[in-house]
Amino acid sequence: MSITELPIELILEIASYLDFEDPAPTQFALTCRHIYGIMMPQILADQAEHVRTLAESTYNITVRLSPYKEEVIASSFGLGIGIEPFGGPYRKVEFCVGHNIKDIRCVRGLITHARQLEHVVLNFSRYSSLRKLAVTLDFCVQRPNLSLTVSGNLPDICHGDYGRGPFDFKVEKIKPQIPLVETQQVFVEPRKAKRGILVRIMYPFLKFLGVFAPNSEINDPMPSSSPTISSETTISAIPRRSTVHLALSHEPQLSSFSIESNTLFLPSFYPLTRDLLNMAPITTLSLAHITLHLFDWAQILPSITMPALTNLSIGVKLSIAFPDLLAFLERHESIRILDLTDNEAIGPVKLPPKPILLQLTSLTGNSEYLLPFIQSQRRGNFSLLRRLFLRTPKRTNLHDPLQSHYQYPGDRPIYDLMIHSQYKSRLSII
């Protein structure tokens, strides 16, 4: 007699001997479709109860739930009659990824089955590991049209590669080879050579007697000056070896991604992050608080192409040279909103004469970024750019900007543009 022919009550009785702290009940449910239909409601109910306990805990901040309406209580995840597990109208979930496997499994059930969920925030804690982080990130990116934010970093010691980017860099100075010049031997007669030696020996006495004028000193012929050797510095990137193999299980369906963590760019995590950015239909990308070197970004940005990208935000603590950023923008003509708030330009901000970002409608940044874009627009580029936001720490009177005292003289050209009616209605100071 097969186990599938047993009554449902007996199957549940057998399952009651399984420890729900372990993945054994889920593995039992996956044996066949019949067992799955019997076991999964109980498994989801247990997971919902565990999530409710975490959310209501006053000393544990592992899970936070944000409903559409504040009067909705987290007890909607309970086991009441007629209530579907994870059926609460929750819009946002914050999860601190730790070491507890059951926490991760229960939050996975929440993210997978909550129908109205829109935004998930993952905070990497010091108690987690790269594999647990990868598993959590993997089931989050499988949900279609989800907005995901990743923040926090692993501790200083994590698989030997914390705090460093995915590349090592080797700096070499190359000296150009100097061509050999053939020297010609000059034949000197023996009589003249002896006379020259005698004159050099007697020169101090002859000079004292006034035989030689002061300016007629005998000097050795000056050696020919050798050409100046200028060394060229080359920087080569060497990919660092990963200590843990991490990969996505399925094609990601993420629509919005905000990265505020160095962990996603560790040598073991970087291949997963790169595949996620290239494969997912991401329309909104935000980067901030990532303390990588500008040489790292020079290698990372060329490896990323996102055809669906429309909103790009480059925030604080990002050391990206503008030529590298410009090359990334030129490959993503679909960008409509570009936010460079609190990002300081590295290198001269020079735009090419050819048109770029043909769909750009909104630009936010400091005067270093805004002025070149406005000058390029006056030459006929950026025809759809209608909204400009100037990020400055100094508030200015929009109606009479010239009467204000500017603490930052570099912003003066932007303020001068506000006199023209063409930009006065389009430029805002934030």
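Residues numbered from 1 in each chain as written. Predicted model: local features only at pLDDT ≥ 70, side-chain atom pairs only at ≥ 80, totals over all residues. Heavy atoms only, no water.

Chemist: Hey, could you go over the pairing of strand β8 (residues 284-287) for me, with residue numbers and the actual values?
Modeler: Here strand β7 (residues 256-260) pairs with β8 via four bridges, running parallel. Across the sheet, the residue bridging to F257 is L285, located in β8. Following the chain from β7 across helix α7 (residues 270-279) to the adjacent parallel β8, one finds a crossover that is right-handed. Strand direction decides the pairing type here: β8 and strand β9 (residues 311-314), joined by four bridges, are parallel. Among the inter-strand pairings, T284 is bridged to a residue of β9, identified as N311. Regarding topology, helix α8 (residues 294-300) serves as the crossover connection from β8 to the parallel β9, and that connection is right-handed. (Pairing = 2+ DSSP bridges. Helix = DSSP H or I, 4+ residues; strand = E, 2+ residues; numbered from the N terminus. Right-handed = clockwise from strand over helix to strand, strands pointing away.)

Chemist: Can you explain the pattern of salt bridges? Please cite residues and give values.
Modeler: For the coordinates displayed, the defined rule picks out four salt bridges. A salt bridge links K92 to E94; its shortest N-O distance comes to 3.7 Å. R274 is the salt-bridge partner of D275, the closest N and O atoms lying 3.9 Å from each other. Given the relative accessible area of 33%, D275 is considered partly exposed. Of the residues examined, R274 reaches a relative accessible area of 29% and is grouped as partly exposed. (Salt bridge = Lys/Arg side-chain N within 4 Å of Asp/Glu carboxyl O. Buried < 20%, exposed > 50% of the residue type's maximum accessible area, 1.4 Å probe, protein only.)

Chemist: Can you explain helix α9 (residues 322-330)? Please cite residues and give values.
Modeler: Side chains that are three or four residues apart share a direction in an α-helix, a result of its 3.6 residues per turn. Considered for burial, the residues of α9 that qualify are F322, L325, L326, F328 and L329. For α9, the angular spread of buried residues about the axis comes to 160°, placing them on one side. Each element contacted by the buried residues of α9 is listed here: β9, β10 (337-339) and α10 (367-378). (Arc of directions from axis to C-beta. Contact = heavy atoms within 4.5 Å.)

Chemist: Give me the packing of helix α4 (residues 101-113) against helix α5 (residues 130-141): which residues, what numbers.
Modeler: Contact geometry of α4 with α5 gives a least axis separation of 10 Å together with a crossing angle of 10°. Here α5 runs roughly parallel to α4, going by the angle between their axes. Contacts between α4 and α5 involve I101, I104, V107, R108 and I111 from the former and K132, T136, F139 and C140 from the latter. Here the contact of α4 with α5 is built from residues that sort into six nonpolar, one polar and two charged. (Axes fitted to C-alpha atoms, helices over the stretch in contact; angles between N-to-C directions. Parallel < 35°, antiparallel > 145°, perpendicular 65-115°, else oblique. Nonpolar A, V, L, I, M, F, W, Y, C, P; charged D, E, K, R; others polar.)

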